[in-house]
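Geometric and topological summary
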Amino acid sequence: MRPLAIFGGTFDPVHIGHLSVAWEASELLNADVHLMPAAVPPHRPPPTASAEQRMTMLHAALQGQSRLTLDGRELQRTGPSYTIDTLAELRVEQGDRPLILLIGADAFAGLPSWHRWREILDMAHIGVLSRPGIEAALPAALVQAVQGRRVNSAHDLRGWPAGKVIELAVTPLEISATHIRELLAAGRDPRYLLPAGLFDDAQLLAPYRA
């Protein structure tokens, strides 16, 4: 069964770095990828753009392809966007279909700070988006939790609905949403840092203009 991968974030705004990583992960895993904007991210300040504005930007950014899909379920819930709640909901919907949570290497190293983090591997595999030659130090609790769970081939994920960890070497693009917001506030036009579709309507980027 073709896996379903989940790539979350504030997407404030969605940029080329987000889409490039999600696309590469989809190819490496031969998986569908749902981009899932967070309503109230537990680990960072609230987004500048509203939920509706970020959904509109993502919809514009994802036009013309079918590998990446927008999933706005977290924006429909109240309170913090906890990953475990989303995965539990998806597990009910998807049955035994393999689910893969895509997170960066730094976020993976910080997994023990997440809400009910030990339950995540009961609900999904974890795809760690790593940069070639860079390895984040992992806390002892996480090392112990993933012991015996690592696999090297995406094919190995298909036989299990959840519980494995795979590293995915993706092309690093040093693009910062914070820097993009600063450029837009200063009246700049970061055309090649953002998806082309975001420039089709001036209102899409209006939340970041001064």
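Below you will find a few notes about this structure. Keep in mind it's a predicted model, so treat the numbers as computed, not measured.

Definitions and cut-offs
Counting restarts for each chain: residues are numbered from 1 in the order of the written sequence. At least 70 in pLDDT is required for a residue's local features to be given in this predicted model, at least 80 for side-chain atom pairs to be given and counted, and no such filter applies to totals for whole chains, interfaces and linings, which use all residues. Derived side-chain values reflect all non-hydrogen atoms in the structure, with water molecules and hydrogen atoms excluded from consideration. Secondary structure counts use DSSP, requiring at least four H or I residues in a row for a helix and at least two E residues in a row for a strand, with both numbered from the N terminus. Relative accessible area decides the class of each residue, using a 1.4 Å probe on protein chains only: under 20% of the type maximum gives buried, over 50% gives exposed, and in between gives partly exposed. Multiplying 1.5 Å by the helix residue count minus one yields the expected span of that helix. Here the arc refers to the set of directions running from the helix axis out to each C-beta atom. We call two residues in contact when some of their heavy atoms are within 4.5 Å. Whether two strands pair depends on DSSP finding at least two bridges between them. Definition used in this section: a nonpolar core is a set of buried Ala, Val, Leu, Ile, Met, Phe, Trp, Tyr and Cys residues joined via side-chain atoms within 4.5 Å.

For the bond running from D12 to P13, omega is 0°, close enough to zero to count as cis. Mapped onto the elements, P13 comes out in the loop between strand 1 (4–9) and helix 1 (16–29). Located in the positive-phi region is F11, a residue other than glycine, with phi close to 50°. Assignment of secondary structure puts F11 in the loop between strand 1 and helix 1. Note on F11: relative accessible area 2%, which makes it buried. Backbone geometry places N30, a non-glycine residue, at a positive phi of 50°. With respect to the element layout, N30 can be found in the loop between helix 1 and strand 2 (32–37).

Our focus in this paragraph is helix 3 (residues 83–94). When the terminal C-alpha atoms of helix 3 are compared, their 16 Å separation across twelve residues agrees well with the 16 Å that a helix rising 1.5 Å per residue should span. Three or more residues of helix 3 are buried, namely T83, I84, T86, L87, L90 and R91. Each buried residue of helix 3 sits inside an arc of 155° when the element is viewed along its axis, so together they form one side. Buried positions along helix 3 lie against strand 1, strand 2, strand 4 (99–104) and helix 5 (120–123). Just beyond helix 3, the residue with positive phi is G95, at close to 65°.

Inspection of the secondary structure puts M1 in the segment before strand 1. Exposure remark for M1: the relative accessible area of 62% places this residue in the exposed category. When the C-alpha atoms of M1 and G159 are compared, they prove to be 8.6 Å apart, with 158 residues separating the residues in sequence. In contact with M1, not counting residues within four places along its chain, are R97, P98 and R158.

Of all six residues in strand 4, five are buried, a share of seventy percent or more. As judged from the five bridges shared by strand 4 and strand 5 (residues 125–130), these two strands associate in the parallel manner. Among the inter-strand pairings, G104 is bridged to a residue of strand 5, identified as L129.

As a further point, take the nonpolar core. Ranked by internal contacts, the top residues of the largest apolar core, which has 36 residues, are F7, L29, L35 and L102. If you list the elements that add at least two residues to this core, you get strand 1, helix 1, strand 2, helix 2 (51–61), strand 4, strand 7 (165–169) and helix 7 (177–185). Top contributing element to this core by residue count: helix 1, with five residues. Residues within four places of F7 in sequence aside, it is in contact with H18, V21, A22, V33, H34, L35, M36, L102 and L129. Of all hydrophobic cores here, the second largest spans 22 residues; its members include I103, W117, I126 and A145.

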